[in-house]
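Observations on the three-dimensional arrangement
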Amino acid sequence: MDPLAHGLLAFRHAPVALSGVCYGRLDVAAELPPEAAAAAIERALHELCVRPGVVFSSPLSRCALPAAELAARLGVPRAIDDRLLEISYGAWEGRAFADIERDDPAAYAAWLDGWERVGPPGGESALDVESRVRSIWRELGTPRGVNGVDVAAVAADADVASRARPPLLVAHAGVLRALRVVACGASWPAAMSAPVPHLTAERFPLPPSALSLADL
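Residues numbered from 1 in each chain as written. Predicted model: local features only at pLDDT ≥ 70, side-chain atom pairs only at ≥ 80, totals over all residues. Heavy atoms only, no water.

Across its 14 residues, helix H2 (residues 61-74) extends 19 Å between first and last C-alpha, which sits within 8% of the 20 Å expected from 1.5 Å per residue. Restricting attention to buried positions, one finds in H2 the residues Arg 62, Cys 63, Ala 64, Pro 66, Ala 67, Leu 70, Ala 71 and Leu 74. Buried positions along H2 lie against helix H1 (34-48), strand S2 (54-57), strand S3 (78-80) and strand S4 (167-171). (Helix = DSSP H or I, 4+ residues; strand = E, 2+ residues; numbered from the N terminus. Expected span 1.5 Å × (residues − 1). Buried < 20%, exposed > 50% of the residue type's maximum accessible area, 1.4 Å probe, protein only. Contact = heavy atoms within 4.5 Å.)

Following this line, the structure appears as structure tokens:
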């Protein structure tokens, strides 16, 4: 079986009007209204001939609002999970990278040199993000799903071929890069080197236990 046929679909939120600023956990509004972002995701799903069974999102509005709109359009359950938040920049949240480099050069250099294991003051490293994303990815492969949302049950309908509809995530670039590491076995440098386009589908395999649900 193709591991992507019943795998996980993930979309990065729409662009935001910030550049050169640490805004990981800041609730920055997207440039597109939620309805427009949801419509863009829905068009991408139509092109892929995929209908998800459940929509998960980060709690930040740039993800949560279009996810709610999309779930309503599709008539599927929607759930929010904090593990889908963007990387935390801790004390650096809301500050320009140029200002951080000027005002805190030692910590900034340490982060640049060891970002996989070193986070900003009070923030997360790449491995911290990987740990929480791995947790939700594994739960998507269990019969009970995530936070009690039974993915197999909510996906079921009269069409046997569509019984295990894939889960869909609306999240952040850091989460999608972590999924490249967790689900696809990429190294962190490789995961970081490839772009994460906004509102563009990226597909990931789920754990083997999830793939077996497709044969129910």
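There's plenty left to go through after this.
It is the contact of helix H5 (residues 126-140) with helix H7 (residues 173-184), at a shortest axis distance of 9 Å, that shows an interaxial angle of 70°. Overall, the two elements H5 and H7 adopt an arrangement that is roughly perpendicular. Residues Val 129, Glu 130, Arg 132, Val 133, Arg 134 and Trp 137 of H5 form the contact with H7, whose own contacting residues are Gly 174, Val 175, Ala 178, Leu 179, Val 181, Val 182 and Ala 183. When grouped by side-chain class, the residues that make up the contact of H5 with H7 number nine nonpolar, one polar and three charged. (Axes fitted to C-alpha atoms, helices over the stretch in contact; angles between N-to-C directions. Parallel < 35°, antiparallel > 145°, perpendicular 65-115°, else oblique. Nonpolar A, V, L, I, M, F, W, Y, C, P; charged D, E, K, R; others polar.)

The subject of this paragraph is unusual backbone geometry. Phi at Cys 49 takes a positive value of approximately 60°, unusual for a residue other than glycine. Mapped onto the fold, Cys 49 is located in the loop between H1 and S2. Assessed through its relative accessible area of 71%, Cys 49 is described here as exposed. Unusually for a residue other than glycine, Leu 199 sits at a positive phi of about 55°. Mapping Leu 199 onto the fold places it in the loop between helix H8 (188-193) and strand S5 (202-204).

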